[in-house]
Amino acid sequence: MNEQMLQDDKKLRKAFFNFLIPVMLANVLQSVGQVFAMFIVGRNLGVDALAAISAFFPFFFFLMAFAIGIGSGSSILVGQTFGAGHHEKMKEVVGVTLAFTTILSIIVALFGGFFIEWILRFMQTPANILDMSISYAQILFFTLPIMFWYLVYTTFMRGVGDSKTPFLFLVISVVLNIAFLPPLVFGWFGLPAFGLNGAAYASVLSNLVTMILLLAYLHKTKHLLRFDKSILQHFKLKKDILTSLLKLAIPSSISMVAISVAEIAVIGFVNAYGSDATAAYGVVNQVASYAQVPAMSIAIATSVFVAQALGANSTEMIKKIRQMGVRINYLLGGAIILIMYLFAEPILAFFIDSHDTVLIAKNYLYIAFWSYLIFGHTQTVSATMRATGVVLWPTIFLVITIWVVQVPLAYFLSHHTSLALNGVWLAYPITFCVHFIMQYAYFKLGWQKRTLKAMLSE
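None of the values given here were measured: they were computed from a predicted structure.

**Student:** Describe the overall build of the chain, and please don't skip the residues or the numbers.
**Tutor:** Scanning the chain from terminus to terminus reveals 18 helices and zero strands. Taken over the C-alpha trace, the chain has a radius of gyration of 22 Å; the compact-globule value for 458 residues is 23 Å, and the two agree within 12%. Taken along the three principal axes of its C-alpha coordinates, the chain extends 60 × 50 × 35 Å. When the 458 residues of the chain are sorted by exposure, 58% land in the buried category. Relative to all contacts within the chain whose residues are 6 or more apart in sequence, the contacts with residues 24 or more apart total 84%. For the chain, the separation between the mean place of its 28 positive charges and that of its 18 negative charges on side chains is 12 Å.

What follows is the structure, encoded as structure tokens:
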């Protein structure tokens, strides 16, 4: 973050949007790839295959939470060191993070792969989709190190303000996934017809090829973050870097784990209503990824810009960055959510050919989607605090709202009121509102009174 940008609001806004747009497009494109897979599976393999993916996803997200936490923490450290101009320290962060990610991904892959059957049974996965879910999940888990590396490397690049390169290679990944999917699912070109497992193989192959191409591209263009000797020499667990990384990553991972474990509990409530309800839950969550695009993208942009501003000792810019993020959230998020309300049924019918499943999914969308605007506001405030190293209280508030509000409320409303399944959906907006109140209260009464400083020095 250069001096001119710090002193010129217009240049700051332009830089923010230049970073934000590729991040948003990346999130949309990633969803498009997932939507294509859901369409192929739902339309050709049936509702049971769709439900098989939906049943497995919360546990997969639970284990992916560790990678997401590491990526989130490393992007803050990369942003702070890059903003301060400490490039050698930044490469230390990258090397240590990659070493830790490699070890952790192998552990997570083995745990997920070997224990998935027990977990899915514990989640009350319907018997008619259990075997499909197990087989699909094991393919993704045993290849998880590829996905972990790809995820953290793209967060490194965003930490230095480069959102275009991750977007470019996401385009490649999605195109490859779409190209691989039908041949592997249906057995084209002499290949075996893997069915649902073909969707998993397509995902793995596209990630592997893209990761190799990404590393080659960074090396050829002499990118600041290319994987060379200057990073490889730091490929070890160094105490000071790892301590700072874990200080950020552990609370972020706990947050993601809390969310994913809650989703495991919630899908247990949903599964009790049968595979139609499970399929509806999975499809609406996929559609919800579009509603969350502004919120998640703005949070990423806010975190990177706040981290760089802090590294450059420009704490006065942090307020402007946060306010900018909040305004964009309500404008863009509101427009997308309005479209989804207006065209809910045709959007859902694109994935589902069962009228009963569409009705279940539509109720979920109508009840919950407006509250993603509140969710987005909370994410921007949280991203601001986390980028300055304040992670404990935001994590505590998230865990409290999920486990004291969402899960008990979803259970009570779905089991002990006439709302039935709609009670599960209603718990989401209530939770988002409670979370916002707690987070914003701490932001005003606690965080704003702190003296802010970068976590690592030269």
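**Student:** How would you explain empty space enclosed by the protein if you had to name every residue and give the values?
**Tutor:** This structure, assessed with the given rule, holds two cavities of 30 Å³ or more. Within this model, the second largest cavity holds a volume of roughly 50 Å³. Lining the second largest cavity are L140, T143, I146, M147, S203, V204 and N207. Within the residue set of the lining of the second largest cavity, elements represented by two or more residues are α6 (144-159) and α8 (196-220).

**Student:** Could you give me a rundown of the packing of aromatic side chains, with the residues and numbers involved?
**Tutor:** Per the counting criterion, the structure on display carries 26 aromatic pairs. Residues F375 and F432 carry aromatic rings whose centres are separated by 5.2 Å and whose planes lie at 45° to one another, so their mutual orientation is tilted. A residue pair is termed long-range when its members are at least 10 positions apart, and F375 in helix α16 (residues 372-387) and F432 in helix α18 (residues 421-445) qualify at 57 residues. For F432, a relative accessible area of 14% corresponds to the buried category. Taken together, the ring pairs in this structure connect Y281, Y364, W425 and Y428 into an aromatic cluster.

**Student:** Please set out helix α11 (residues 275-291) residue by residue, giving values where relevant.
**Tutor:** In a regular helix each residue adds 1.5 Å, so 17 residues correspond to 24 Å; α11 covers 24 Å between its end C-alpha atoms and thus fits that length. Burial runs high along α11: 15 of the 17 residues are buried.

**Student:** Outline the pattern of salt bridges, supporting the account with residue identities and numerical values.
**Tutor:** Tallying each qualifying case throughout the model produces five salt bridges. The closest approach of N and O atoms between K89 and D240, which form a salt bridge, is 3.6 Å. Placement of K89 in helix α4 (residues 87-122) and of D240 in helix α10 (residues 239-271) is noted, with a sequence separation of 151 residues between them. Its salt-bridge partner being E92, residue K238 comes within 2.5 Å of it at the nearest N-O pair.

**Student:** Go over unusual backbone geometry with me, naming the residues and quoting the values.
**Tutor:** Phi is positive for K222, close to 55°, though the residue is something other than glycine. In this structure, K222 sits in the loop between α8 and α9 (229-232). Backbone geometry at A420 places phi at a positive 55°, although glycine is not the residue there. With respect to the element layout, A420 can be found in the loop between α17 (392-416) and α18. With relative accessibility at 26%, the residue A420 sits in the partly exposed group.

**Student:** Account for the packing of α4 against helix α5 (residues 127-142), with residues named and values stated.
**Tutor:** Helix-helix packing: each pair is described by the crossing angle between the helix axes and the interaxial distance. Between α4 and α5, the shortest axis-to-axis distance is 8 Å and the interhelical angle comes to 165°. Overall, the two elements α4 and α5 adopt an arrangement that is roughly antiparallel. Of the two elements, α4 crosses α5, and the hand of that crossing is right-handed. Residues A109, G112, G113, F114, I116, E117, L120 and R121 of α4 form the contact with α5, whose own contacting residues are L130, S133, I134, A137, Q138, F141 and F142.

**Student:** So what's going on with the side chain of T388? Residues and values would help.
**Tutor:** Along the polypeptide, T388 turns up in the loop between α16 and α17. Taking relative accessible area as the criterion, T388 reaches 7% and is therefore assigned buried. Polar contacts involving the side chain of T388 include one to the main-chain carbonyl oxygen of M385, which spans 2.7 Å. Residues within four places of T388 in sequence aside, it is in contact with Q80, V306, L310, I318, W447, L452 and K453.

**Student:** Report on a nonpolar patch on the surface, specifying residues and quantitative values.
**Tutor:** On the surface, I106, L110, F111, F114, F115 and F142 cluster together into a nonpolar patch covering about 610 Å² of accessible area. For the nonpolar patch, the element with the most residues is α4, which contributes five residues.

**Student:** Before we move on, could you go through the environment of L208 and cite the residues and values that matter?
**Tutor:** Mapping L208 onto the fold places it in helix α8. Assessed through its relative accessible area of 34%, L208 is described here as partly exposed. For the pair L208 and V108, spaced 100 residues apart in sequence, the C-alpha separation works out to 18 Å.

**Student:** Provide a residue-level description of the side chain of R158, including the pertinent values.
**Tutor:** For R158, the position within the fold is in helix α6. D162 is the oppositely charged side chain nearest to the buried, salt-bridge-free R158, at an N-O distance of 8.4 Å. When residues no more than four places from it in sequence are discounted, the contact partners of R158 are F19, V23, A26, S163, P166, I300 and V304.

**Student:** Just give me the short version of the confidence of the model for the chain, but keep the residues and values in it.
**Tutor:** Looking at the chain as a whole, its pLDDT mean stands at 84, while 93% of the residues score no less than 70. The least confident element of the chain, judged by mean pLDDT, is helix α1 (residues 3-7) at 56; the most confident is α16 at 93.

**Student:** Pulling in residues and values, what's your account of the packing of α11 against helix α15 (residues 355-368)?
**Tutor:** It is the contact of α11 with α15, at a shortest axis distance of 8 Å, that shows an interaxial angle of 50°. Regarding the angle of α11 to α15, the classification is oblique. For α11 against α15, the interelement crossing comes out right-handed. Where α11 approaches α15, its residues D276, A277, A279, A280, Y281, V284, N285 and V287 are matched on the opposing element by D356, T357, I360, A361, Y364 and L365. Residues of the contact of α11 with α15, tallied by class, amount to 10 nonpolar, two polar and two charged.

So, how was this worked out
- Residues numbered from 1 in each chain as written.
- Predicted model: local features only at pLDDT ≥ 70, side-chain atom pairs only at ≥ 80, totals over all residues.
- Heavy atoms only, no water.
- Helix = DSSP H or I, 4+ residues; strand = E, 2+ residues; numbered from the N terminus.
- Rg over C-alpha atoms; globule rule 2.2 N^0.38 Å.
- Buried < 20%, exposed > 50% of the residue type's maximum accessible area, 1.4 Å probe, protein only.
- Contact = heavy atoms within 4.5 Å.
- Lys, Arg positive; Asp, Glu negative; His and termini not counted.
- Charge placed at Lys NZ, Arg CZ, Asp CG, Glu CD.
- 1 Å grid on protein atoms, 1.4 Å probe; cavity = no way out; pocket = protein on both sides within 12 Å on 5 of 7 lines; lining within 4 Å.
- Points joined across faces, edges and corners; volume = space filled by probe spheres on them.
- Phe/Tyr/Trp six-rings, centres within 6.5 Å; stacked < 30°, edge-to-face > 60°.
- Expected span 1.5 Å × (residues − 1).
- Salt bridge = Lys/Arg side-chain N within 4 Å of Asp/Glu carboxyl O.
- Axes fitted to C-alpha atoms, helices over the stretch in contact; angles between N-to-C directions.
- Parallel < 35°, antiparallel > 145°, perpendicular 65-115°, else oblique.
- Left-handed = near helix turned anticlockwise from the far one by under 90°.
- Polar contact = N/O pair within 3.5 Å; in protein donor to acceptor, adjacent residues only side chain to side chain.
- Patch = residues over 30% accessible without salt bridge, like charges linked within 9 Å, V, L, I, M, F, W, Y side chains within 5 Å.
- Areas by Shrake-Rupley, 256 points an atom, 1.4 Å probe, with all protein chains shown as cover.
- pLDDT = per-residue confidence, 0-100.
- Nonpolar A, V, L, I, M, F, W, Y, C, P; charged D, E, K, R; others polar.

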